[in-house]
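Each chain is listed here by its residues.
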Amino acid sequence: MKKRTAAAIAAAGVLSAGAAAKFCFENADFNKRCEACSKVFKKTLFSLSANVPYPPKEEKTDSKDRFSSNVLIKSRGDEKGGAWYLGYSKKSILPDDIGTKKYCIAGNTRLPANFAKGVLDGIFVRTVALSAGEESEKAVFAEVDCIGISNKCTSEIRERLKDFCKENNVSSLNILSTHSHSSIDTCGIWGEILDVIKYNKKAIKKGEKLKNSCDEEYMEFLYGVVEESVKEAVLSMKKGKLYSAYMGKNSYAAINEAKGEMSVSQRGLAGYVWDRREPIDCSTQLLRLRFKPNDRNEKETYIVNFAAHPYINGLKIKDKGNGDMISGDFVYHLGETFEKYGANMLFINGAVAAVYPKRLYADALTLKDQARAFGEEVGRIALSMTLENKKIYKDEFLSPESYEKEMGIFGGGRKSDYRKWLDKKGGGVVKETLLEPIMELSTNDVNLDVENPIFHLVGKLNIGKYNILSNGSGFTSFTEVGALSLGGGKVKAAFVPGELEPAVLSGSYAVEAEYSYSKKDFSQKPLCAVAGDSDLVVFGLCNDAIGYIIPDNDFLMMFLGTTKKMKKLFGSHYLEIFSFGKNTAAHVVKGFEKALGRLYGEK
């Protein structure tokens, strides 16, 4: 099985390379060359499961329970003494048998499977419950330190909490993932897949029950911890004020045009995050929501949203790290930074498609300490962005001197990136806005085409936790997209069920004909244009994990490596291998348009 699979993939490369050579020398048209090679590549991948029949047709089961999907919340605190209410919970998702049972780490495809050899730091579910008014409908956001939580798993968690949510006026229950590439596999495609494929092929012929490649015992444990965390957050809600602060730009084009002459509000996390998919277009925006309880004895809670893969500890680099240790990556250290400051923290990832954190001080630090440096520095930036520098330098915790001393690598005049960021910040501060207690939220189902031959193999052989349905001769799927407005529109967010290409958010570069391989524009408006807000934020991997979401005009199912030659021939298109299909982004944008329409069109 292993040899046949490897041979098929190799064949895809050989045949596609042959097609590339033909069009490279006989036809200078880049688009035609890409299309021809993509056709060969997909055909070869389909051959992997050609002899496996499609399962019988499955019917989608729509829940009529309004909190399960198709939610509409329009709530406002009482006119007199109106306030926000927020509850918080943090619970470990490390199982007790971590030292005796094998657990696969998700995020890097390795053969044999990448079994964890230990634990670097903690992995958690962090939950925030929020309402605009004490008696108003509640929205809950539970963020899990893992690679992804599928819609199938989200539905399971919602079903378990169905009665609790009804009893406690929870109308919107959202399960998100940080997308950590060094946590326990929750999707089932980073384990012993080849063995499962081999077993299930035989089971299909014999009419026997198929195995699933996900660790069902761990998933059961995870569901239970998430359930406990949601209940704890809802039952601990306190009255207080909610503030928002933005910095950075969604459009990298705007950053390029500024040529470095930017205020702190414009710069954001420029220099801390980068995009590996050309054309470069990562968002440098960071949204900070700060909840201040009326009771001074209670901790503040910060919700921090920006885009970056928690992938540092998942790497395998000689003398730096092996990528075989369980870790929450920089998110763990981000949380620790806020906790040392005396506050709670919830991180929500953004339009993260191929956006990665800068590996700080790689010449001097192991991967573990690089993740720590990134988390601690971005945490301090998020805490200090609304403060004047003179106050920051006097603060024992926020000052760069104390941080640099703690890290112990900044002798000989070397400055930390945090100090450099403060130097550029100068006298500038990011404005913080008090939000009125108004919350509006809408979600709805979105149907998806499943065109990717890899996901056809997944569906045929019961691999992982993906929510795909057989139509008898192929596969379809459905997911959720949503819209959130806080403070009467001062903060707007799109709930996106996967890893969004930043251009679909901003409207620059890859969605434009000039920069796409097809030389056509994206078929839809970008999300910022749909919302009428250039500061729109993305709550990524929200309620599902459908993979990469690439604009249809630049979607090419073709990958032969990342060498300069291959990039020249085809561009940068490795993400498409882990996407449902060409029209995914268009469906997501249409779903967001519908969610906004319900939000502002219904009373």
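Residues numbered from 1 in each chain as written. Predicted model: local features only at pLDDT ≥ 70, side-chain atom pairs only at ≥ 80, totals over all residues. Heavy atoms only, no water.

J.: Is there a simple way to explain the packing of aromatic side chains in this structure?
T.: For any two aromatic rings, the description comes down to two numbers: the centre-to-centre distance and the angle of the planes. Scanning all chains against the criterion turns up 23 aromatic pairs. Summarising the aromatic geometry, the rings of Phe124 and Tyr332 are spaced 6.5 Å apart at their centres and angled 10° between planes, so their arrangement reads as stacked. Here Phe124, found in strand E3 (residues 124-132), pairs with Tyr332, found in helix H9 (residues 330-340); they are 208 residues apart in sequence, far enough to count as distant. The exposure classification of Phe124 matches that of Tyr332, with both residues buried. Taken together, the aromatic side chains of Tyr272, Phe306, Phe330, Phe347 and Phe374 make up a single cluster linked through ring pairs. It is Lys211 that lies over the ring of Tyr199; its NZ or CZ is 4.4 Å from the centre. (Phe/Tyr/Trp six-rings, centres within 6.5 Å; stacked < 30°, edge-to-face > 60°. Helix = DSSP H or I, 4+ residues; strand = E, 2+ residues; numbered from the N terminus. Buried < 20%, exposed > 50% of the residue type's maximum accessible area, 1.4 Å probe, protein only. Lys NZ or Arg CZ within 6 Å of the ring centre and 35° of its normal.)

J.: Even after reading the chapter, I still don't get the packing of helix H10 (residues 367-384) against helix H13 (residues 417-425), so can you show me in this structure?
T.: Helices that pack against each other are described as a pair by the angle of their axes relative to one another and the distance between those axes. Where H10 meets H13, the axes come as close as 9 Å, and the angle between the chain directions of the two elements is 25°. Here H10 lies roughly parallel to H13, going by the angle between them. H13 is crossed by H10, and the crossing has right-handed handedness. Where H10 approaches H13, its residues Glu377, Arg380, Ile381 and Ser384 are matched on the opposing element by Asp417, Tyr418, Trp421, Leu422 and Lys425. (Axes fitted to C-alpha atoms, helices over the stretch in contact; angles between N-to-C directions. Parallel < 35°, antiparallel > 145°, perpendicular 65-115°, else oblique. Left-handed = near helix turned anticlockwise from the far one by under 90°. Contact = heavy atoms within 4.5 Å.)

J.: Could you clarify how one ought to interpret the side chain of Arg277 in this entry?
T.: Position of Arg277 relative to the elements: it lies in the loop between strand E7 (273-275) and strand E8 (286-293). At a separation of 3.4 Å, a polar atom in the side chain of Arg277 contacts the side chain of His573. Ignoring anything within four residues of it in the chain, the contact list for Arg277 reads Ala354, Glu501, Ala510, Ile550, Asp554, Ser572, His573, Leu575 and Glu576. (Polar contact = N/O pair within 3.5 Å; in protein donor to acceptor, adjacent residues only side chain to side chain.)

J.: I tried to follow unusual backbone geometry on my own but got confused; where do I start?
T.: With glycine set apart, most residues show a phi of negative sign, and most peptide bonds adopt trans. A cis geometry characterises the amide bond from Glu278 onward to Pro279, with omega recorded as 0°. Here Pro279 is to be found in the loop between E7 and E8. Positive phi is not limited to glycine here, since Asn169 has a value of about 60°. Structurally, the position occupied by Asn169 is in the loop between helix H4 (162-167) and strand E5 (170-177).

J.: What am I meant to see in the nonpolar core here?
T.: Soluble, globular proteins show a tendency: their nonpolar side chains are buried together. In terms of nonpolar packing, the biggest core is built from 73 residues, with Met247, Leu269, Tyr272, Leu286, Phe306 and Phe374 touching the most fellow members. Those residues in contact with Leu286 that lie beyond four places of it in its chain are Ala245, Tyr246, Met247, Leu269, Val304, Asn305, Phe306, Val378, Ala382 and Met385. In this structure, Val52, Cys528, Ala585 and Leu599 belong to the second largest nonpolar core, which totals 49 residues. (Core = buried A, V, L, I, M, F, W, Y, C linked by side-chain atoms within 4.5 Å.)

J.: Looking at this structure, how should I read the packing of helix H3 (residues 151-160) against helix H6 (residues 216-235)?
T.: Between H3 and H6, whose axes approach to 10 Å, the crossing angle comes to 50°. When the axes of H3 and H6 are compared, the pair comes out oblique. In the crossing of H3 with H6, the sense of the turn from one axis to the other is right-handed. Where H3 abuts H6, its residues Cys153, Glu156, Ile157 and Arg160 lie against Met219, Glu220, Tyr223, Val226 and Glu227. Residues that form the contact of H3 with H6 fall into these classes: five nonpolar, no polar and four charged. (Nonpolar A, V, L, I, M, F, W, Y, C, P; charged D, E, K, R; others polar.)

J.: Looking at this model, I keep getting lost on the confidence of the model for the protein chain. Mind explaining?
T.: When pLDDT is averaged along the protein chain, the result is 90, and 92% of the positions lie at 70 or above. Across residues 1-10, confidence stays below pLDDT 50; counting only partners more than four residues off in sequence or on other chains, it has nine contacts. (pLDDT = per-residue confidence, 0-100.)

J.: When you look at the pairing of strand E4 (residues 138-144) in this model, what are you seeing that I'm missing?
T.: Remember that side chains alternate between the two faces of the sheet whenever the strand is regular. Within E4, seven of the seven residues are buried, which leaves it mostly tucked inside the rest of the structure. Side chains of E4 alternate between two faces, with Lys138, Val140, Ala142 and Val144 and Ala139, Phe141 and Glu143 buried alike. Inspection of the sheet shows E3 paired to E4 by six bridges, in the antiparallel sense. For Leu130, the partnering residue across the bridge sits in E4 and is Ala139. Linking two consecutive strands that pair antiparallel, namely E3 and E4, is a turn of five residues; a positive phi of about 110° is found at Gly133 within it. (Pairing = 2+ DSSP bridges.)

J.: Help me out: how do you make sense of the pattern of salt bridges in this one?
T.: Pairing is possible between side chains that carry opposite charge, provided their charged atoms lie close to one another. By the definition in use, this model includes 29 salt bridges. In this structure, Glu480 engages Arg158 in a salt bridge whose closest nitrogen and oxygen atoms are separated by 2.5 Å. Here Arg158 lies in helix H3 and Glu480 lies in strand E15 (residues 475-486), a separation of 322 residues in the sequence. Across this residue pair, the class does not change: Glu480 and Arg158 are buried. Linking Asp417 and Lys358 is a salt bridge whose minimum nitrogen-to-oxygen distance equals 2.9 Å. Separated by 59 residues along the polypeptide, Asp417 in helix H13 and Lys358 in the loop between strand E11 (355-357) and H10 bring together distant segments of the chain. In this structure, a network of salt bridges that share partners links the residues Lys340, Arg372, Glu376, Arg380 and Glu406. (Salt bridge = Lys/Arg side-chain N within 4 Å of Asp/Glu carboxyl O.)

J.: How do you make sense of a positive patch on the surface when you look at a structure like this?
T.: Among the surface-exposed residues, Lys239, Lys241, Lys292 and Arg296 lie close enough to one another that they form a single positively charged patch. Mapped onto the secondary structure, Lys241 falls in strand E6 (residues 238-247). (Patch = residues over 30% accessible without salt bridge, like charges linked within 9 Å, V, L, I, M, F, W, Y side chains within 5 Å. Areas by Shrake-Rupley, 256 points an atom, 1.4 Å probe, with all protein chains shown as cover. Lys, Arg positive; Asp, Glu negative; His and termini not counted. Charge placed at Lys NZ, Arg CZ, Asp CG, Glu CD.)

J.: Before we go on, may I ask you to explain the environment of Ala353 in this structure?
T.: Here Ala353 shows up in the loop between strand E10 (343-349) and E11. Counting along the chain gives 142 residues from Ala353 to Lys211, while the straight-line C-alpha distance between them is 30 Å. Setting aside residues up to four positions removed in sequence, Ala353 forms contacts with His309, Glu499, Leu500, Glu501, Pro502, Tyr548 and Leu575.

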